[in-house]
Structure formats: C-alpha cells, structure tokens
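Below are the chains, spelled out letter by letter.
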Amino acid sequence: RQVIDDRLHACAFRDGPLGFSAVGPFEGIGNLTEAHLKAYVDTNYTAENMVIAVAGPVKHADLVNLASASFGGVKAGGPRSATEKPYFCGAELIYRNDEMGPTAYIAVGWESVPWKSPDAVTFMVMQSIIGSYKKNTGLVPGTISGNRVINAVANKMQVGCADEFEAFNYFYRDTGMFGFYI
C-alpha cells in the first residue's frame with residue numbers, strides 16, 4: 001500500500017516536494033558516509049525546528065535554565081525558502097509489475113483542502129461514510145453491509161471485485177488529497 005501511495009503522490013505532485021518518494025530507493029544506500037549524515041543533521045536539527053514541551057509543576061525560570069544548558073549550543077538554521085502551494089497535476093499512471101502476481105493495486109486521488117481548512121472536517125466525514133472493506137474481516141461481511149460502496153465492492157459480479165477497499169485523506173499545509181485505494 002505504501003508503494004501505491006508513493007506512486008500516487010509522485011504522479012499528482014510531480015513538480016514539488018510532495019511528489020518525492022517517502023519510501024526512498026535502496027540503490028546507493030551503501031555509499032552514505034558519516035559526512036552525509038552530519039550534513040543532514042546540521043541542516044535539519046536546528047533551533048527553529050525544535051520544540052520544548054513540559055507538563056507539570058515546573059517553574060519557567062528552571063525550564064529556561066535547563067533548556068539553555070542542554071540546547072544552548074544548537075545553532076540557528078538558514079532562512080527558510082518561500083514556499084508556494086503545491087501544484088496538483090491530474091494524470092494517469094499505469095505501472096505493471098508481473099512479479100506482484102495477478103492482483104491489481106489501484107489508487108485514485110483528487111485534490112482536496114489543506115488541514116486548516118474548515119472543509120477538512122467535511123472530507124473526514126466523507127471518508128468515514130465511504131468507509132473501508134477488507135475481505136473476510138470485520139463483524140459484518142461486506143456482502144451484507146449496509147454501506148452501498150462496500151456492498152457493491154463485495155458483491156460485484158457475484159464474486160467481488162476487490163479484496164480490499166479504503167477511502168483516504170491526506171491533509172497538508174497548503175493542499176490535500178482525497179481518494180480511494182482498491
């Protein structure tokens with residue numbers, strides 16, 4: 001499933017960071033050096049990327065002293081680059097891999113709203129209404145489910161058209177993706 005999500009993002013957001021693979025390739029992993037890892041840590045583990053959270057009866061002055069002693073040497077990072085709303089590209093990606101067996105894995109997504117949008121809750125409700133289905137699991141079999149989508153998936157041509165179905169939502173800062181996975 002993660003590979004399908006990865007390919008869907010690569011297709012939908014191909015011109016921006018959301019289209020980059022979250023899985024990562026295995027080629028070249030042996031070439032990573034300590035210098036590569038140190039450069040990554042130096043770039044990303046900076047003061048503006050850290051949060052200190054405390055719960056309980058702690059005095060602010062004590063917290064500041066502890067934080068200064070522990071993290072006082074953390075350097076500030078460089079200026080953040082201005083980001084634009086990621087461009088959602090409607091497209092089709094057909095990937096065939098006969099080594100995966102006779103089953104097809106399909107994901108379809110549409111641009112939705114960012115996580116701070118008032119409509120985000122609407123998309124969450126829609127995801128719950130459409131639901132999810134996995135063959136031979138759950139309390140109510142899909143063949144007698146009251147959910148029309150699940151019932152249609154489980155009963156298509158009297159044999160079912162999929163072993164699994166799930167509606168999904170991905171909310172990001174400037175955009176989102178709503179869709180389903182079969």
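Residues numbered from 1 in each chain as written. Predicted model: local features only at pLDDT ≥ 70, side-chain atom pairs only at ≥ 80, totals over all residues. Heavy atoms only, no water.

Some details on the sheet that holds strand β3 (residues 164–171)
With antiparallel pairing, four strands are arranged side by side in an open sheet as β1-β4-β3-β2. In the strand order of this sheet, the two ends are held by β1 (107–112) and β2 (132–134), each with one partner. Pairwise comparison of adjacent strand axes, ignoring direction, gives a mean angle of 20 degrees for this sheet. Where β2 lies against β3, three bridges are found, and the strand directions are antiparallel. (Pairing = 2+ DSSP bridges. Helix = DSSP H or I, 4+ residues; strand = E, 2+ residues; numbered from the N terminus. Axes fitted to C-alpha atoms, helices over the stretch in contact; angles between N-to-C directions.)

What to know about the pattern of salt bridges
For the coordinates displayed, the defined rule picks out three salt bridges. Close ionic contact of E111 with K85 constitutes a salt bridge, the shortest N to O distance being 2.6 Å. One end of the pair, E111, is in strand β1; the other, K85, is in the loop between α3 (60–71) and β1, and 26 residues separate them in sequence. Given a relative accessible area of 34%, E111 falls into the partly exposed group. Given the relative accessible area of 49%, K85 is considered partly exposed. (Salt bridge = Lys/Arg side-chain N within 4 Å of Asp/Glu carboxyl O. Buried < 20%, exposed > 50% of the residue type's maximum accessible area, 1.4 Å probe, protein only.)

So, the layout of surface pockets
The calculated volume of the largest pocket comes to roughly 680 Å³. Forming the walls of the largest pocket are 27 residues, and the residues nearest its centre are L93, Y95, Y105, I106 and A107. At the level of elements, α1 (2–12) and β1 are the ones that each hand at least two residues to the lining of the largest pocket. Considered class by class, the residues forming the lining of the largest pocket number 18 nonpolar, five polar and four charged. Considered as a void within the structure, the second largest pocket measures approximately 240 Å³ in volume. Taken together, 13 residues form the lining of the second largest pocket, with P17, L18, E84, K85 and P86 sitting closest to its centre. Looking at side-chain class alone, the lining of the second largest pocket contains six nonpolar, two polar and five charged residues. (1 Å grid on protein atoms, 1.4 Å probe; cavity = no way out; pocket = protein on both sides within 12 Å on 5 of 7 lines; lining within 4 Å. Points joined across faces, edges and corners; volume = space filled by probe spheres on them. Nonpolar A, V, L, I, M, F, W, Y, C, P; charged D, E, K, R; others polar.)

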